[in-house]
Each structure stands twice: as structure tokens, then as C-alpha cells.
Amino acid sequence: MTAMPTPWPATARRTSDGSVEIGGVALTELAASGGTPVYVLDELDARERARAYRDAFAAACAEAGTEVDVYYAGKAFLSVAVARWMTAEGLRIDTASLGELTTALRADVAPRDIGLHGNNKSEPEIDLALRSGIGRLVLDSLPEVTRVADAARALGVRAPVMVRVTTGVHAGGHEYISTAHEDQKFGLSLAAPDGGDSPALVAVLAVLERPELELLGLHSHIGSQILDPAGFGVAARAVMGLRAAVARRTGVLVPELDLGGGFGVAYLPGEVPLDPDRAAKEMVSALADAARELGEGDAPLPRLSIEPGRSVIGPAGVTLYTVGTVKPVRTEDGSTRTYVSVDGGMSDNIRPALYGASYHAEIVSRSSTAPAVRCRVVGKHCESGDIVVHDVALPGDVAAGDLLAVAVTGAYGRSMASTYNLVPRPGVVAVAGGVATPIVRRESVADLLALDLG
Ligand SMILES: Cc1ncc(COP(=O)(O)O)c(C=O)c1O
Ligand SMILES: N[C@@H](CCCC[NH3+])C(=O)O
């Protein structure tokens, strides 16, 4: 039995017959009993990653004399079971919709350990957040300050809030997933082009004027799939600057800063993920440097929070497909590429089509001594952009019936899945200690037809 290297999950092993098991569960058996495609989540791997963030940030913060809360960003993938794993490892849960919030509550996450994001929160979202007493709502615009304050007044509660700011730091893997540059929909800008108050400062002052709101902190999320931690430091300093401006103007020292998620992972063999220890040190030293430069002297550093999603659940997940049609195709440069079709595609993983994202795949039902050939793994949808893996070397004898696993699909796979072509969404199975536990049921055509009102 051989452990499989990055980007495969921690417990992935190739056995002596060449097939692969994860969490002690043979993928061939999993496919035979439940069918494919299926998302497989290595519980131990996900929990280890959650602990790594908790421990790295707790250590860096303790050294600097402050504390940290780690919120797992449920948008990466949330189910009741995953919410429970995360809280068992000491993480809180960050949600971004009624569905995510309801799932976290269904998992019995303590409401005070839940956060709610959204640039356009609905009335039912705000209402559920306030009624259940969640720990924080992250406000994203000036109108939302009024809406949440009014809703809190109507319910007779005080709403704990943060204000999300955009620092101008442009970081991350793709324009669509960078979130702190100026020309996009999230947050309130720190920039004050006309020399007046920045939109972020205006919103903070508006929060402080409403007694129904309790200002917990300032929030910055600069993007996703970030591999260089420097951007976190720049953002931390910028938010510390706003905190100082608020203190000068009002005397209020905002107690907490959330520096968001976005920690990058290795999708391909040989890639180096962002190390949680490095990210923690970068963020915390930037906070301490900024405090010193701002002349805050002995004042305590703000409490820190972060919101990792992808880096906790992404590498813990693989998608298991069955190979169907295999077709050699002549390319424009005169060479041959083998198109390997699988029984899923862009409906279970939109990231290659949406972001040009790269993935790694291997045959996991057997080993082969056949020389490798250049392959493109494609789905079953009516779209030529329905690509699962752009370029991968697979054994030349790859054939219908082989099982193929794609690595690092635990984040933004199932959570961004669609039913394009009325293809039902795959289920999610957690594997650990030799046991496979379905945690999200596979959708069926009957489920889809149940929505069709005729
Ligand atoms: C506000 C916020 N927090 C956390 C995350 C999680 O990001 P990631 O999954 O890259 O860690 C996102 C998504 O990018 C986000 O928008
Ligand atoms: N969905 C994106 C990242 C999330 C962006 C959320 N702010 C991805 O798959 O990479």
C-alpha cells in the first residue's frame, strides 16, 4: 500500500492491486455500491486541515497578545455533517445565504458561532439571523446598515455587526474570485478620492449612530486561491488604518478585524499550497507593525478572525467518475489527443469552464503499465467547453469502465453544481476508518421532475 502524494487527500492509498482507497474505503466498492459520479470526502483530511488553521493562527495570535476565531466558509461546501466536523475542531461557521445559515442551525452550531455574509441579504436572511441570535452579520453597504438596524429595532434585539471594506488589494487566482479591488460589488471602499470620508468610514459612523447595532469589527476579504501571503499583510495594514481613523473620530477602538479567507491550495502535483503558519505570521505581524506605525503603543491588538473555505475542504475531496467513450482526436498541431469522456462534467465541476481551472486525475480502479498518452477529460454535457481536466497524462489503455478520480474537488464542486441538461447532482460520501457514510444524497431524475409543475 502506497500513500498518494499531493494533491490527493491525506488517507489516499494505492493498494497492491493498483486500485485506490481513501479513508480505508476502496473506491471500486464505493462505485459498485452507490454508483458514479460521486464526491468523496476524506473526513480525517478535512478535520486535520481545520485544526491546522486553528492551531497556526492561535499560536501566532498568542505570541502577539491577541486571540483568533476561525470561521469555516460554508460556501466552499456545507452540509450538516461538515458543519459538525468543523465545530468539533473548534471552528465557527461563516454562511452567505438562507440555505447555508439554515444548514448551520440544523447542525446545531451555536448561533453565536455563526456569521452571515452577503452583498444583497434578503429579508428572510436578516430575519433568521436576528431571531436566532447569530454572532455577527457582515454589513456590505450603507443601505444595509439601515435595513439591519431597522429590522433589529422591530424585533427588539441588538444586532452584532461587522463592516466589510475593500482595501484595493487585488489578489487571487482569477478576476472573478478577487474581491477587494475597487470596481466590483462587494464591500465599502477605503479610498476617499475627493479627500472626504471614505465610504467605509461613512458606513462605520452610520453603524455607531444606531443603538440597535453593536459594532464588532471590520472585515476584509481580498480574494480566493491566494498563494502569496503578502496581500493579506497589505490588507491588514489598510484595515488597521481605518480602525485608527474611527478611533480618532469617535474614540471607539473597534475590537475585531476579520481578514477573510482565500488561502490557496495545490491543485496539481508539484504545486505548493499557502502554508497556514506562513499566512498567520504574515497577518499577525502586519497587524502588529501597523499598530506600532499608527502609534497605538501598548493598546491591545484587535482580536483576529479568518474565514478559510477552499483550503479546509478542497483537498479533502475527490470526484469519482466512470469512464465512457474514449476517442483519439487529431489536434491543430497535427498531434493526437485522447478525449476521455466521463459520466459527469461541468454540472458537477464548473470551475474549469468558469475560471479555466486546472485539475489532476488518475485511474483509480487499477494500475497499468501502458505508456501514458496526452488526454483531455470531458463531461457528458452538450457543450464543447464541458471540460473536467484540460490536460493530463493517463495510461494509453484507458478504457470504458475504468474509474477516474479528479483531485481537490471538495471545495466549490458540489456547492456550485447545477442540473444542466437535467443531469441530477451527485451525492457526497464521507469516508473514514474504513466506513463510507453518505452525507448528501444523490439527486435523481425523479427529484428534478418533482419540481416540474407540468
Ligand atoms: C467573504 C468571504 N469569506 C471567505 C471566503 C472563502 O474563501 P476561500 O474558500 O478561498 O477560503 C470567501 C470566498 O472567496 C468570501 O467571499
Ligand atoms: N467559487 C470560487 C471562489 C469563491 C469566491 C467566493 N468569494 C472558486 O471556485 O474558486
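Residues numbered from 1 in each chain as written. Chains lettered and ligands numbered in written order. Predicted model: local features only at pLDDT ≥ 70, side-chain atom pairs only at ≥ 80, totals over all residues. Heavy atoms only, no water.

Under an unreviewed UniProt entry, the name given to the protein chain is Diaminopimelate decarboxylase, and the source organism is Serinibacter arcticus. Per its UniProt entry, the protein chain bears the Function (unreviewed entry) comment "Specifically catalyzes the decarboxylation of meso-diaminopimelate (meso-DAP) to L-lysine." UniProt's Cofactor (unreviewed entry) comment on the protein chain is quoted here verbatim: "pyridoxal 5'-phosphate". (UniProt positions renumbered as here; feature names shortened; annotations may be inferred.)

Colleague: So what's going on with the overall build of the protein chain? Residues and values would help.
Modeller: Each helix and strand in the protein chain was counted, giving twelve helices and 22 strands. Over its C-alpha trace the protein chain gives a radius of gyration of 23 Å, about what one expects of a compact globule, namely 22 Å for 454 residues. Put simply, the protein chain has 454 residues, and 54% of those count as buried. In the structure as shown, the protein chain presents an accessible area of about 18,600 Å², 52% of it carried by carbon and sulfur atoms. Between the centroid of the 41 positive side chains of the protein chain and the centroid of its 55 negative side chains there is a distance of 2 Å. (Helix = DSSP H or I, 4+ residues; strand = E, 2+ residues; numbered from the N terminus. Rg over C-alpha atoms; globule rule 2.2 N^0.38 Å. Buried < 20%, exposed > 50% of the residue type's maximum accessible area, 1.4 Å probe, protein only. Areas by Shrake-Rupley, 256 points an atom, 1.4 Å probe, with all protein chains shown as cover. Lys, Arg positive; Asp, Glu negative; His and termini not counted. Charge placed at Lys NZ, Arg CZ, Asp CG, Glu CD.)

Colleague: Can you break down the pairing of strand β9 (residues 136-139) residue by residue, with the values?
Modeller: The alternating pattern of β9 places Arg136 and Val138 on one face and Leu137 and Leu139 on the opposite face, and all of these are buried. Bridge analysis of β9 against strand β10 (residues 159-166) gives three bridges, and the strand direction is parallel. Note that in β10 the partner of Val138 across the bridge is Met162. (Pairing = 2+ DSSP bridges.)

Colleague: Account for the sheet that holds strand β3 (residues 20-22), naming residues and giving values.
Modeller: Taken together, the four strands give an open sheet; going across it, the order is β1-β2-β3-β4, and neighbouring strands pair in antiparallel fashion. Edge positions in the sheet fall to β1 (2-3) and β4 (25-26), since each of these pairs with one other strand and no more. With two bridges joining them, strand β2 (residues 13-14) and β3 adopt antiparallel strand pairing. Counterpart to Arg14 in the pairing with β3 is Val20.

Colleague: Could you give me a rundown of the packing of helix α5 (residues 123-132) against helix α6 (residues 142-155), with the residues and numbers involved?
Modeller: Their axes nearest at 10 Å, the elements α5 and α6 cross at an angle of 50°. By the angle between their axes, α5 is oblique relative to α6. The chirality of how α5 crosses α6 is right-handed. Counted together, Glu123, Ile126, Asp127, Leu130 and Arg131 of α5 and Arg147, Val148, Ala151, Ala152 and Leu155 of α6 form the full contact between these two elements. When its residues are assigned to classes, the contact of α5 with α6 shows six nonpolar, no polar and four charged. (Axes fitted to C-alpha atoms, helices over the stretch in contact; angles between N-to-C directions. Parallel < 35°, antiparallel > 145°, perpendicular 65-115°, else oblique. Left-handed = near helix turned anticlockwise from the far one by under 90°. Contact = heavy atoms within 4.5 Å. Nonpolar A, V, L, I, M, F, W, Y, C, P; charged D, E, K, R; others polar.)

Colleague: Account for the site of ligand 1, with residues named and values stated.
Modeller: Taken together, the neighbourhood of ligand 1 is formed by 15 residues, with His221, Ser224, Glu307, Arg310 and Tyr412 sitting nearest. Within the contact set of ligand 1, an oxygen atom lies 2.8 Å away from a backbone nitrogen or oxygen of Arg310. Burial of ligand 1 by the protein amounts to 94% of the accessible area it has alone, namely 390 Å². Here the residues of the shell around ligand 1 sort into three nonpolar, seven polar and five charged. (Near = heavy atom within 4 Å. Polar contact = N/O pair within 3.5 Å; in protein donor to acceptor, adjacent residues only side chain to side chain.)

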